[in-house]
Amino acid sequence: MTYDPNNVFAKILRGEIPCNKVLETEHSLAFHDINPLCRHHVLVIPKGSYVSLDDFSARSSEAEIVDLIRSLGEVARMLGVDASGYRIMSNHGHDARQEVPHLHFHVCGGEDLGPMLRLPK
Ligand code: 5GP
């Protein structure tokens, strides 16, 4: 899949639309999800143009990978959910119902998140 530079997270990265920023590093940006699904719901994205984890795992540099993983842990600690627990998810493609075609990790916590998956009936 080709990267679409007009996706909403690309616009956030370019400063064309605002976000509620949590953390910014050399290669990553974290901000609150506009439609939180739990008490704390933050998105962590690479600054580079990657459609999804499939793309990122194949093309990104080690520096970008390290930065993103460290940012995920840092965001969880900033949210104060490292002791109580949290869940990290990333949707790739159709079956996972990925909506925004720029790699993002959902960091969710602050309450009991229930079972990992509830499949549609
Ligand atoms: P996906 O289904 O692609 O894994 O998740 C996309 C996420 O992006 C959703 O949770 C949605 O609420 C969030 N989102 C979509 N548009 C915006 C936006 O303009 N700003 C922010 N902060 N989050 C957004």
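All values derive from a computational prediction rather than experimental measurement. (Residues numbered from 1 in each chain as written. Predicted model: local features only at pLDDT ≥ 70, side-chain atom pairs only at ≥ 80, totals over all residues. Heavy atoms only, no water.)

Quick word on the sheet that holds strand β5 (residues 105-109)
Stage number 1. Strand order in the open sheet formed by five strands is β1-β2-β3-β5-β4, and the pairing between neighbours is antiparallel. Every other strand in the sheet has two partners, leaving β1 (21-24) and β4 (86-89) as the edge strands with one partner each. Neighbour to neighbour, the strand axes of the sheet diverge by 20° on average, direction disregarded.
Stage number 2. With five bridges connecting them, strand β2 (residues 28-32) and strand β3 (residues 40-46) associate as antiparallel partners. By the bridge assignment for β3, Ala30 is matched with Val44.
Stage number 3. In the packing of helix α3 (residues 62-79) onto the sheet, contacts are made with β1, β2, β3, β4 and β5, and the angle to β3 comes to roughly 160°. (Pairing = 2+ DSSP bridges. Helix = DSSP H or I, 4+ residues; strand = E, 2+ residues; numbered from the N terminus. Axes fitted to C-alpha atoms, helices over the stretch in contact; angles between N-to-C directions. Contact = heavy atoms within 4.5 Å.)

Here's the deal with the site of the ligand
Stage number 1. If you check the shell around the ligand, you find 16 residues, and the closest are Asp33, Asn91, Glu99, His104 and His106.
Stage number 2. Asp33 places a side-chain nitrogen or oxygen 2.5 Å from an oxygen atom of the ligand.
Stage number 3. In the model, an oxygen atom of the ligand is placed 2.8 Å from a nitrogen or oxygen of the His104 side chain.
Stage number 4. When isolated, the ligand has an accessible area of 520 Å², and the protein chains bury 85% of it.
Stage number 5. Elements that contribute at least two residues to the shell around the ligand include exactly α1 (8-13) and β2.
Stage number 6. For the shell around the ligand, the leading source of residues is α1, giving three residues.
Stage number 7. Counted by class, the shell around the ligand contains seven nonpolar, six polar and three charged residues. (Near = heavy atom within 4 Å. Polar contact = N/O pair within 3.5 Å; in protein donor to acceptor, adjacent residues only side chain to side chain. Areas by Shrake-Rupley, 256 points an atom, 1.4 Å probe, with all protein chains shown as cover. Nonpolar A, V, L, I, M, F, W, Y, C, P; charged D, E, K, R; others polar.)

Observations regarding the pattern of salt bridges
Stage number 1. In total, this model carries five salt bridges according to the counting rule given.
Stage number 2. Between Lys21 and Glu24 there is a salt bridge whose closest N-O contact spans 2.6 Å.
Stage number 3. By relative accessible area, which is 47% here, Lys21 ends up partly exposed.
Stage number 4. A salt bridge links Lys47 to Glu24, with the shortest nitrogen-to-oxygen separation between them at 2.8 Å. Of the two residues, Lys47 sits in the loop between β3 and α2 (53-59) while Glu24 sits in strand β1, which places them 23 residues apart along the sequence.
Stage number 5. Under the relative-accessibility criterion, Lys47 is labelled partly exposed at 30%.
Stage number 6. The partly exposed category is assigned to Glu24, whose relative accessible area is 44%.
Stage number 7. Here the residues in one salt-bridge network are Lys21, Glu24 and Lys47, joined through shared partners. (Salt bridge = Lys/Arg side-chain N within 4 Å of Asp/Glu carboxyl O. Buried < 20%, exposed > 50% of the residue type's maximum accessible area, 1.4 Å probe, protein only.)

What about α3?
Since one α-helical turn is 3.6 residues long, residues separated by three or four positions face the same way.
Stage number 1. Over its 18 residues, α3 extends 26 Å from the first C-alpha to the last, a length consistent with the 26 Å expected when each residue adds 1.5 Å.
Stage number 2. Among the residues making up α3, those that are buried are Glu64, Asp67, Leu68, Ser71, Leu72, Gly73, Val75, Ala76 and Leu79.
Stage number 3. A positive backbone phi angle near 75° is found at Gly80, which sits one or two residues after α3. (Expected span 1.5 Å × (residues − 1).)

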